[in-house]
Amino acid sequence: MSSQDLEVGALAKSPVKRVTPTPPCKGFIGVTAKIISDPDKSTTLYRRFDALSARNLVFYQAELAELEEQQKGLDDEDSKCSDEESEKCQRDWDSFVRSAKVLGEDQKKMDLAMKIRDTLEKYHEALAKHQILLNTPQPASTTVKAMQNWFTASGSPQLWGASSTIYSNPQDLVAIRVPSEHDQLTDFITHYFDVFFQTSSTRSLQDGSPDQVLISHQAVAAFVAVVHIILAFTLLFGAIISLYTVKSERALLGLLAGWSVLFAACVALLTSAKREQVFASTVAYAAVLVVFVSSDIGGASVNTTGKCICTAG
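Computed from a predicted model, the values in this text were never measured in an experiment.

Participant: Help me out: how do you make sense of the overall build of the protein in this one?
Facilitator: Looking only at helices and strands, one finds 10 helices and 5 strands in the protein. In the protein, which comprises 313 residues, the share counted as buried stands at 32%. A sequence separation of at least 24 residues applies to 74% of the contacts in the protein between residues at least 6 apart. Surface accessibility of the protein: about 19800 Å² in total, with carbon and sulfur atoms responsible for 61%.

Participant: For this particular structure, what's the right way to read the packing of aromatic side chains?
Facilitator: A ring pair, where both rings are aromatic, is described by two values, the distance of the centres and the angle of the planes. If you walk through the whole model with that rule in mind, you get 5 aromatic pairs. When the centroid spacing of 5.7 Å and the interplanar angle of 65 degrees are considered together, the rings of Trp-93 and Phe-96 count as edge-to-face. With a gap of 3 residues between them, Trp-93 and Phe-96 both fall in helix α4 (residues 93-100), about one helical turn apart. Using a relative accessible area of 12% as the deciding quantity, one classes Phe-96 as buried. Taken together, a centroid distance of 4.3 Å and an interplanar angle of 5 degrees make the contact between Phe-263 and Tyr-285 stacked. Of this pair, Phe-263 sits in helix α9 (residues 249-270) while Tyr-285 is found in helix α10 (residues 275-294), placing the two residues 22 residues apart along the sequence. In terms of burial, Phe-263 and Tyr-285 fall into one category: buried. Of note, Lys-247 hangs over the ring of Tyr-244, and the distance from its end group to the ring centre comes to 5.7 Å.

Participant: What exactly am I supposed to notice about the nonpolar core here?
Facilitator: One broad trend across soluble globular proteins is that nonpolar side chains are buried collectively. Judged by nonpolar contacts, the single largest core of 15 residues is most densely connected at Leu-235, Leu-243, Trp-259, Tyr-285, Leu-289 and Val-293. Broken down by secondary-structure element, the contributors of at least two residues to this core are α8 (217-245), α9 and α10. Among the elements that take part in this core, α9 stands out by supplying 6 residues, more than any other. Apart from the residues within four sequence positions on either side, Trp-259 is in contact with Thr-234, Leu-235, Gly-238, Ala-239, Ser-242, Tyr-285 and Leu-289. Judged by nonpolar contacts, the second largest core, of 12 residues, contains Val-144, Met-147, Leu-159 and Leu-173.

Participant: I'm lost on the packing of α8 against α10 in this one. Help?
Facilitator: Two quantities define a packed helix pair, namely the angle between the axes and the distance from one axis to the other. Viewed as axis vectors pointing N to C, α8 and α10 meet at an angle of 30 degrees, and their least axial separation amounts to 11 Å. Taken together, α8 and α10 sit at an angle that is classed as roughly parallel. Remark: the crossing between α8 and α10 carries right-handed chirality. Residues Leu-235, Leu-236, Ala-239, Ile-240, Leu-243 and Tyr-244 of α8 form the contact with α10, whose participating residues are Tyr-285, Leu-289, Phe-292 and Val-293. Residue composition of the contact of α8 with α10, grouped by class: 10 nonpolar, no polar and no charged.

Participant: Even after reading the chapter, I still don't get the pattern of salt bridges, so can you show me in this structure?
Facilitator: Using the criterion set out here, one finds 5 salt bridges in the structure. Of the charged contacts in the structure, one is a salt bridge between Arg-48 and Asp-50, with a shortest N-O distance of 2.9 Å. Here Lys-122 and Asp-118 are joined by a salt bridge, their closest N and O atoms 3.4 Å apart. You can see Lys-122 and its partner Asp-118 sitting in helix α5 (residues 104-134), 4 residues apart, about one turn around the helix. Judged by relative accessible area, Lys-122 falls into the partly exposed class, the value being 39%. Here Asp-118 falls in the partly exposed class, since its relative accessible area comes to 38%.

Participant: What is the right way to look at unusual backbone geometry in this model?
Facilitator: In terms of backbone geometry, most residues other than glycine have negative phi values and most peptide bonds are trans. Positive phi, close to 55 degrees, is recorded for Phe-49, a residue that is not glycine. Here Phe-49 lies in the loop between β2 (45-47) and α2 (50-80).

Participant: Looking at this structure, how should I read the packing of α2 against α5?
Facilitator: Where α2 meets α5, the closest approach of the two axes is 9 Å, and the angle between their N-to-C directions is 150 degrees. On the basis of the axis angle, α2 is roughly antiparallel to α5. By crossing handedness, the relation of α2 to α5 is classed as left-handed. A per-class count over the contact of α2 with α5 returns 12 nonpolar, 7 polar and 8 charged.

Participant: Looking at this model, I keep getting lost on the environment of Leu-57. Mind explaining?
Facilitator: By secondary structure assignment, the location of Leu-57 is in helix α2. In this structure the C-alpha to C-alpha distance between Leu-57 and Leu-127, which are 70 residues apart in sequence, comes to 7.2 Å. Each residue touching Leu-57, except ones within four places of it in the same chain, is listed here: Tyr-123, Ala-126, Leu-127 and His-130.

Participant: In this structure, what is going on with the environment of Ser-79? I would like to understand it.
Facilitator: Secondary-structure assignment places Ser-79 in helix α2. When the C-alpha atoms of Ser-79 and Gln-90 are compared, they prove to be 9.4 Å apart, with 11 residues separating the residues in sequence.

Participant: Can you help me understand a negative patch on the surface in this one?
Facilitator: Residues Asp-75, Asp-76, Glu-77 and Glu-105 make up a contiguous surface patch of negative charge. Top element by residues in the negative patch is α2. It accounts for 3 residues. On the basis of relative accessibility, which here comes to 47%, the residue Asp-76 falls in the partly exposed class.

Reading guide: rules and limits
Residues numbered from 1 in each chain as written. Predicted model: local features only at pLDDT ≥ 70, side-chain atom pairs only at ≥ 80, totals over all residues. Heavy atoms only, no water. Helix = DSSP H or I, 4+ residues; strand = E, 2+ residues; numbered from the N terminus. Buried < 20%, exposed > 50% of the residue type's maximum accessible area, 1.4 Å probe, protein only. Contact = heavy atoms within 4.5 Å. Areas by Shrake-Rupley, 256 points an atom, 1.4 Å probe, with all protein chains shown as cover. Phe/Tyr/Trp six-rings, centres within 6.5 Å; stacked < 30°, edge-to-face > 60°. Lys NZ or Arg CZ within 6 Å of the ring centre and 35° of its normal. Core = buried A, V, L, I, M, F, W, Y, C linked by side-chain atoms within 4.5 Å. Axes fitted to C-alpha atoms, helices over the stretch in contact; angles between N-to-C directions. Parallel < 35°, antiparallel > 145°, perpendicular 65-115°, else oblique. Left-handed = near helix turned anticlockwise from the far one by under 90°. Nonpolar A, V, L, I, M, F, W, Y, C, P; charged D, E, K, R; others polar. Salt bridge = Lys/Arg side-chain N within 4 Å of Asp/Glu carboxyl O. Patch = residues over 30% accessible without salt bridge, like charges linked within 9 Å, V, L, I, M, F, W, Y side chains within 5 Å. Lys, Arg positive; Asp, Glu negative; His and termini not counted. Charge placed at Lys NZ, Arg CZ, Asp CG, Glu CD.

In structure tokens, the structure reads:
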């Protein structure tokens, strides 16, 4: 079996190498064993608890808003004080620290400042961590489906109580490890043509759960790379050959537009390129075709000078 495999939630569709089944483990031990059993570690799915994270941030926000109001009240009081000691405490940190150790009012200000610092630090830390989780790529739909099928395969969930629904909402799941080759073409092949990349399947001895199929992620990545190479060759040389054979200027313009649209569609739909990358690569591709057409080896000679060209009869 390849060192990089990923799991799909489907029944075995063809004879494959079957791993020797082991006695089933249930409960926390079984879920842990399932998570670590995948060599590719794509089954490391956990809940983000988006609702709780948002509630926690809202609480921090409300607490800081109250502390801010208290700080504004103390600032207003300080603005009304004109004695020398108060002015020194407002301008010099060491004087403020010394005064806070003696005067009760300044101690109140110091305690508030330290509480704001501590709460604000925790708030920013929670914001940053929540942002990282939200920007983490979504786990593959096939992996989520496989975990859902396995979790409830025996008729009752592996965990009981509130944990019985941990995999029910895919939008609230985060994968600690997502395969690097995670584009739309890979997802399409994994979902619809996984039968060609199966390496093994397993079945539980006692709980009657369906086969869990492992497919080679390395083989899928290699196949996707071959498809990309074929498409790149076709889009380049197919365009050159068609443009070379066409003699009509109108037909050339139509072919230029058609090949450019096809190139943009392939980059956008079959890769993980961003919009600006799709735009930049399409402009470069169209520029290459325009240079080819305007050169001497193009299919039609385009007169760009506006003058008549006379040839000997």
